[in-house]
Amino acid sequence: MSKRVAIIGAGPAGLTAAYLLGKENQEVVVFEKDPVYVGGISRTESYKGYHFDIGGHRFFSKSKEVEDFWTEILGDEMLERPRSSRIYYNKKFFSYPLVAFEALKKLGIIESALCVLSYIKAKIFPKKNPQNFEDWVVNQFGQRLFNIFFKTYTEKVWGIPCKEISADWAAQRIKGLSLSSAIWNALFKPKPSSKGAVIKTLIDSFRYPKQGPGLMWERCTEKCIAMGVQVKMNSGVKDISLNNQKWTVQTEDGTSYNDFDYVLSSAPMRELIQSVKPVFSEEVLNNAAQLGYRDFLTVVLICKDEDAFSDNWIYIHDPSVKVGRIQNFKSWSPYMVPDPNMACYGLEYFCFEGDGLWTSSDADLIALATREIAQIGLTKPSAVVDGYVVRQPKAYPVYDQEYKERVSAVREAIKTYPGLYLVGRNGMHKYNNQDHSMMTAMLAAKNIVAGKEVYDLWDVNEDAEYHEGGERGAEHQKISERLVPQKLQQ
């Protein structure tokens with residue numbers, strides 16, 4: 001029997017669910033507030049023929065189901081790309097993941113010796129039951145390496161001290177990697193004994209759509225529409241209400257859409273919970289309202305390709321500049337740049353919506369980026385011929401010390417609203433990768449088709465694995481860089 005399903009948000013989670021439900025002949029309506037782009041943070045924007053994505057998105061999953069989905073949508077429009085990234089620190093570039101001897105050489109013999117001693121100290125006298133990011137990483141690497149390779153960049157990204165960031169984020173971001181494992185991998189590159197044995201930050205290549213990740217979701221949207229799925233652009237959702245087991249969706253222009261059996265939302269949890277009727281309890285509303293987000297903006301610089309570098313991106317660990325990461329879109333795919341004599345770089349500035357960086361004029365931001373890329377030594381100001389700015393609100397759910405309890409309260413309360421599913425990164429307030437977002441949507445679609453709760457979406461574990469492991473991860477020893485937070489064992 002066909003169900004009527006409303007999907008809030010045309011990002012990876014929303015469109016994955018729409019496509020799979022469309023294939024099962026369900027009646028689906030997707031509401032997307034952006035007037036132009038699908039894909040959410042995985043969209044690809046364009047300017048004068050140059051394409052750029054919002055943050056950089058590698059297509060790799062240890063879930064065969066996710067890999068097969070990507071192949072089904074794009075086929076031979078997916079490229080296999082080498083993974084290449086570095087860290088910029090103290091006017092030097094370090095390979096990332098760290099190459100042990102190169103890192104020690106560039107740090108210098110005295111600093112290297114102090115780092116090793118600091119690491120040994122951390123192993124002999126570890127911080128017990130680490131609850132914050134700093135303590136967790138110091139246990140893995142030692143205080144000096146934490147200060148060099150983690151502190152500055154992490155605080156740029158999140159805008160709060162490392163002591164205030166939950167250890168969950170460290171555990172899922174760099175789980176399994178320590179100084180000893182990094183050195184061992186650099187020396188011997190051992191093959192993992194199983195898919196799950198791959199160290200979580202070591203990845204050597206990935207797939208990537210020819211013209212950026214947005215191509216995946218544009219094609220997916222086309223296929224959805226061909227199956228009868230309605231995709232309503234420029235249709236932000238104002239509220240959703242449940243009455244007699246049926247949902248009504250009201251958009252910001254005042255239009256109401258009725259008789260939905262299910263609502264799948266990838267909208268930010270903080271916003272969605274405030275818009276549900278009957279209203280949640282005051283406690284749940286307060287918990288949702290206090291969830292935090294980190295925003296960022298990308299300053300795109302179109303340059304003469306005079307000082308080419310091959311990295312996909314470079315992490316900037318230098319506190320003397322504000323930029324946090326620099327993308328090289330031509331390195332992601334040559335099809336992103338229309339002129340082979342030109343290059344297109346994206347300088348990412350992490351900020352809070354409404355702060356000084358966010359509200360700066362585009363001209364000032366382009367001037368700032370031009371100065372900083374020259375200061376780092378990647379190109380000269382004279383090579384910059386044009387610029388463009390993209391602002392991305394709510395890019396990352398914040399993992400502060402209270403987020404887990406707040407999300408748990410919301411998750412428990414939602415159980416009393418039949419047919420309401422939260423999916424994706426912002427929907428579930430999980431700093432996850434694209435494939436994890438897709439897997440939550442896949443399982444929601446399976447539940448809807450089955451007409452019962454076969455899967456608990458919140459149990460999707462690290463690497464977006466649930467019930468089917470992918471051969472790709474085993475064969476190529478690759479992993480996703482953003483994993484689901486894992487509670488540390490006491």
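Every value quoted in this text rests on a predicted model; they were computed, and no experiment measured them. (Residues numbered from 1 in each chain as written. Predicted model: local features only at pLDDT ≥ 70, side-chain atom pairs only at ≥ 80, totals over all residues. Heavy atoms only, no water.)

A.B. asks: Please give an account of the overall build of the protein that cites residues and values.
C.D. replies: Scanning the protein from N- to C-terminus turns up 18 helices and 20 strands. Split into buried and exposed, the 490 residues of the protein put 59% on the buried side. In the structure as shown, the protein presents an accessible area of about 19,900 Å², 51% of it carried by carbon and sulfur atoms. (Helix = DSSP H or I, 4+ residues; strand = E, 2+ residues; numbered from the N terminus. Buried < 20%, exposed > 50% of the residue type's maximum accessible area, 1.4 Å probe, protein only. Areas by Shrake-Rupley, 256 points an atom, 1.4 Å probe, with all protein chains shown as cover.)

A.B. asks: Got a sec to walk through a nonpolar patch on the surface? Specific residues and values, please.
C.D. replies: Taken together, Ile109, Ile110, Leu114, Val116, Leu117, Ile120, Ile124 and Phe125 make up a surface patch of nonpolar side chains, about 840 Å² in accessible area. Residue placement: Phe125 occurs in the loop between helix H4 (109-124) and helix H5 (133-141). For Phe125, a relative accessible area of 61% puts it in the exposed group. (Patch = residues over 30% accessible without salt bridge, like charges linked within 9 Å, V, L, I, M, F, W, Y side chains within 5 Å. Salt bridge = Lys/Arg side-chain N within 4 Å of Asp/Glu carboxyl O.)

A.B. asks: A description of the environment of Phe60 should follow, citing residues and the corresponding values.
C.D. replies: With respect to the element layout, Phe60 can be found in the loop between strand S4 (50-53) and helix H2 (64-74). With relative accessibility at 2%, the residue Phe60 sits in the buried group. The spatial distance from the C-alpha of Phe60 to the C-alpha of Trp70 is 9.7 Å, given a sequence separation of ten residues.

A.B. asks: Got a sec to walk through the packing of H2 against helix H17 (residues 434-450)? Specific residues and values, please.
C.D. replies: One can describe the packing of H2 onto H17 by two numbers: an axis separation of 10 Å at closest approach and a directional angle of 95 degrees. Taken together, the axes of H2 and H17 are roughly perpendicular relative to one another. Together, Glu65, Val66, Phe69 and Trp70 of H2 and Gln434, Asp435, Met438, Met439, Met442 and Lys446 of H17 make up the contact between the two elements. Taken together, the residues of the contact of H2 with H17 break down into six nonpolar, one polar and three charged. (Axes fitted to C-alpha atoms, helices over the stretch in contact; angles between N-to-C directions. Parallel < 35°, antiparallel > 145°, perpendicular 65-115°, else oblique. Contact = heavy atoms within 4.5 Å. Nonpolar A, V, L, I, M, F, W, Y, C, P; charged D, E, K, R; others polar.)

A.B. asks: Go over the side chain of Gln327 with me, naming the residues and quoting the values.
C.D. replies: The residue Gln327 is located in strand S17 (residues 325-328) in this model. A distance of 2.9 Å separates a polar atom in the side chain of Gln327 from the backbone oxygen of Gly55. Setting aside residues up to four positions removed in sequence, Gln327 forms contacts with Gly55, Gly56, Asn312, Trp313, Trp332, Cys344, Tyr345, Gly346 and Glu348. (Polar contact = N/O pair within 3.5 Å; in protein donor to acceptor, adjacent residues only side chain to side chain.)

A.B. asks: Hey, could you go over the packing of aromatic side chains for me, with residue numbers and the actual values?
C.D. replies: Geometrically, a pair of aromatic rings is defined through the distance of the ring centres and the angle of the planes. For the structure on display, the rule yields 31 aromatic pairs. Judged by centre distance (6.3 Å) and plane angle (85 degrees), the ring pair of Tyr153 and Phe350 falls under edge-to-face. In this pair, Tyr153 is assigned in helix H6 (residues 143-158) and Phe350 in strand S18 (residues 342-351), connecting sequence segments 197 residues apart. The interplanar angle of 55 degrees and the centroid separation of 5.3 Å between the aromatic rings of Phe206 and Trp332 together place this pair among those described as tilted. Here Trp332 lies in helix H12 (residues 329-332) and Phe206 lies in strand S8 (residues 205-209), a separation of 126 residues in the sequence. In this structure, Phe206 and Trp332 share a single accessibility class: buried. Members of the aromatic cluster, joined through ring pairs, are Tyr96, Tyr153, Trp158, Phe206, Tyr208, Phe296, Trp313, Tyr315, Trp332, Phe350 and Tyr396. (Phe/Tyr/Trp six-rings, centres within 6.5 Å; stacked < 30°, edge-to-face > 60°.)

A.B. asks: So what about the nonpolar core? Which residues, and what values?
C.D. replies: Among the nonpolar cores identified, the biggest contains 121 residues, and Ile240 and Ile273 are the most heavily contacted of them. Not counting residues within four places of it along the chain, the set of residues in contact with Ile273 comprises Phe280, Val284, Leu285, Ala288, Val410 and Ile414. Ile316, Ile373, Leu378 and Val384 belong to the second-largest nonpolar core, a separate cluster that totals 29 residues. (Core = buried A, V, L, I, M, F, W, Y, C linked by side-chain atoms within 4.5 Å.)

A.B. asks: Which residues make up the sheet that holds strand S10 (residues 237-243), and what are the values?
C.D. replies: Spatially, four strands are ordered S12-S11-S10-S14 in an open sheet, and the strand pairing comes out mixed. Whereas interior strands pair on both sides, the edge strands pair on one side only; in this sheet they are strand S12 (256-260) and strand S14 (276-277). The pairing of strand S11 (residues 246-251) with S12 spans three bridges and is antiparallel. Bridge assignment links Gln250 to a residue of S12, and that residue is Ser256. (Pairing = 2+ DSSP bridges.)

A.B. asks: Tell me about unusual backbone geometry, and name the residues and values.
C.D. replies: The linkage connecting Lys277 with the following residue, Pro278, adopts the cis geometry, with an omega of -5 degrees. Following the sequence through the fold, Pro278 ends up in the loop between S14 and helix H11 (282-289). The phi torsion at Lys48 lies on the positive side, around 55 degrees, for a residue other than glycine. Inspection of the secondary structure puts Lys48 in the loop between strand S3 (44-47) and S4. Exposure remark for Lys48: the relative accessible area of 59% places this residue in the exposed category. Positive phi is not limited to glycine here, since Asn90 has a value of about 55 degrees.

In short, geometric facts, not functional conclusions.
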